[in-house]
Amino acid sequence: HVTEAAAPAAKTPTLPDAQTVTEVRHWTDRLFSFRCTRPASLRFRSGEFVMIGLMGDNGKPLLRAYSIASPSWDEELEFYSIKVQDGPLTSKLQHIKPGDQIILRPKPVGTLVHDALLPGRRIWFFATGTGIAPFASLLRDPQTYSDYEEVIITHTCREVGELQYGKELIESIRQDELLAELIGEGFADKLRYYPTTTREESAKMGRITDLMRKGEVFEDLGVAPLSPETDRAMVCGNLAFNLEIKDMLEEYGLEEGANSKPAHYVVEKAFLD
Ligand code: A2P
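Since the structure is predicted, the reported quantities are computational estimates derived from the model, not experimental observations.

Q: Any chance you could break down the pattern of salt bridges for me, citing the residues and the numbers?
A: Under the counting rule described, the total for this entry stands at 21 salt bridges. In this structure, the salt-bridge partner of Glu 149 is Arg 121, at a minimum N-O distance of 2.6 Å. Residue Glu 149 is located in the loop between helix H3 (142-147) and strand E8 (150-157), and its partner Arg 121 is located in the loop between strand E6 (101-109) and strand E7 (122-128); the two are separated by 28 residues in the primary sequence. Judged by relative accessible area, Arg 121 falls into the partly exposed class, the value being 33%. In this structure, a network of salt bridges that share partners links the residues Arg 35, Asp 74, Glu 76, Glu 78 and Arg 140.

In structure tokens form, the structure reads like this:
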């Protein structure tokens, strides 16, 4: 009779560029954040993004650009994501649990980097929604505080619950002993946080763009309107917001910078799936 060769032992399929999820937090029914292992070879500049995702049903990786929210000195990587119920990636990604694998292409890129800006006195980080993610990295980068005398982060969301990730981030930065050691005691005094909501009552309501036009932001913070002599800006939010604030920054006299040609501000789209 014929002896059939034993079938090769079934192997756990390993994803290309697989990383393991270590923590997942759901902030609202529209937002979650997660942490995963970091490839030993991955070096990145605060503010950059990488392609991450899952294996699609067709056996091809389904990838999207995600800003790295963790600082470059962190052992793990952190991401902050929207959940879109019919989103090709996030309808699935929102269900990940610690121990699951995701795909992460270790090729960081992006425009929201310190290298793209000329030296200045004050830096503004303007975010809407999940656009706060790259700033979560930049706000934990010692260079942000050594390069600037003042660091202002504005975050506009529809509802109060959507501000929670940023709120906890700012609190944890203010109490961070490692940052205090790296940058010097009192670094937290440089950091100003300006959260606003547009569709639910909160301490400060309105789109940041409208509040700037009215001069309310500058009054509240006790700073002069932006000028190319003193101010630098990074922008990350939805498309309409990016376009509107870009026009405003140009009106203040700021010019758009790039890695190859540093100037006064840089812009990047927040991830929407
Ligand atoms: P609004 O509620 O008035 O649309 P989203 O969740 O849709 O990405 O929006 C995030 C936040 O960005 C919301 O508070 C939204 O305000 C605000 N926003 C949307 N478009 C603009 C814009 N052109 N300028 C300023 N803020 C905007």
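Q: Outline the packing of aromatic side chains, supporting the account with residue identities and numerical values.
A: A ring pair, where both rings are aromatic, is described by two values, the distance of the centres and the angle of the planes. Inspection of the entire model under this criterion finds eleven aromatic pairs. Note on Tyr 66 and Phe 271: the rings are 4.3 Å apart at their centroids and 45° apart in plane angle, and the pair reads as tilted. Residue Tyr 66 is located in strand E4 (residues 61-67), and its partner Phe 271 is located in the segment after strand E11 (265-269); the two are separated by 205 residues in the primary sequence. With relative accessibility at 13%, the residue Phe 271 sits in the buried group.

Q: Requested: an account of the layout of surface pockets, with residues and values cited.
A: One number sums up the size of the largest pocket: a volume of about 560 Å³. Around the largest pocket sit 23 residues that line it, and Thr 128, Gly 129, Thr 156, Arg 158 and Asn 238 are the ones nearest its centre. Counting residues per element, the ones that place at least two in the lining of the largest pocket are strand E5 (77-82), E8, helix H6 (208-213) and helix H8 (239-251). Per-element accounting of the lining of the largest pocket gives the leading share, three residues, to H8. For the lining of the largest pocket, the residue count by class is nine nonpolar, eight polar and six charged.

Q: Tell me what's going on with the site of the ligand, and back it up with residues and numbers.
A: Taken together, 13 residues are adjacent to the ligand, and Arg 158, Thr 198, Arg 199, Arg 207 and Glu 244 come closest. Between the ligand and Arg 158, the relevant distance is 2.8 Å, taken from an oxygen atom to a side-chain nitrogen or oxygen of the residue. At 2.6 Å, a side-chain N or O of Arg 199 approaches an oxygen atom of the ligand. Here the ligand has 560 Å² of accessible area as a free molecule, and 85% of this is covered by the chains. Most atoms of the ligand, that is more than half of them, are within 2 Å of grid points of the largest pocket. Of all the elements in the fold, those that place two or more residues in the shell around the ligand are E8 and H8. By residue number, the principal contributor to the shell around the ligand is H8, which donates three residues.

Q: Talk me through the sheet that holds E5; I want residue IDs and the actual numbers.
A: On the basis of which strands lie adjacent, the open sheet formed by six strands has the order E4-E3-E6-E1-E2-E5 and antiparallel pairing. Sheet topology places E4 and E5 at the edges, where each strand pairs with a single neighbour. Recorded for the sheet is a direction-independent mean angle of 35° between the axes of neighbouring strands. Taken strand by strand, helix H4 (residues 164-174) contacts strand E1 (18-28), strand E2 (31-36) and E5, and its axis lies near 110° from that of E1.

Q: Summarise the domain arrangement of the protein chain; cite the residues concerned and give the values.
A: One can read the domain layout of the protein chain as domain 1 (18-109) and domain 2 (114-269). Put simply, the middle of domain 1 and the middle of domain 2, counted by C-alpha atoms, are 23 Å apart. Each partner contributes residues to the interface: domain 1 has 21 residues there, and domain 2 has 22 residues. Roughly 1800 Å² is buried in total at the junction of domain 1 and domain 2, and carbon and sulfur atoms are behind 55% of that figure.

Cut-off values and rules
Residues numbered from 1 in each chain as written. Predicted model: local features only at pLDDT ≥ 70, side-chain atom pairs only at ≥ 80, totals over all residues. Heavy atoms only, no water. Salt bridge = Lys/Arg side-chain N within 4 Å of Asp/Glu carboxyl O. Helix = DSSP H or I, 4+ residues; strand = E, 2+ residues; numbered from the N terminus. Buried < 20%, exposed > 50% of the residue type's maximum accessible area, 1.4 Å probe, protein only. Phe/Tyr/Trp six-rings, centres within 6.5 Å; stacked < 30°, edge-to-face > 60°. 1 Å grid on protein atoms, 1.4 Å probe; cavity = no way out; pocket = protein on both sides within 12 Å on 5 of 7 lines; lining within 4 Å. Points joined across faces, edges and corners; volume = space filled by probe spheres on them. Nonpolar A, V, L, I, M, F, W, Y, C, P; charged D, E, K, R; others polar. Near = heavy atom within 4 Å. Polar contact = N/O pair within 3.5 Å; in protein donor to acceptor, adjacent residues only side chain to side chain. Areas by Shrake-Rupley, 256 points an atom, 1.4 Å probe, with all protein chains shown as cover. Sits in = over half its atoms within 2 Å of the grid points. Pairing = 2+ DSSP bridges. Axes fitted to C-alpha atoms, helices over the stretch in contact; angles between N-to-C directions. Contact = heavy atoms within 4.5 Å. Domains from an automatic or database assignment. Buried area = accessible area lost by both parts, 1.4 Å probe.

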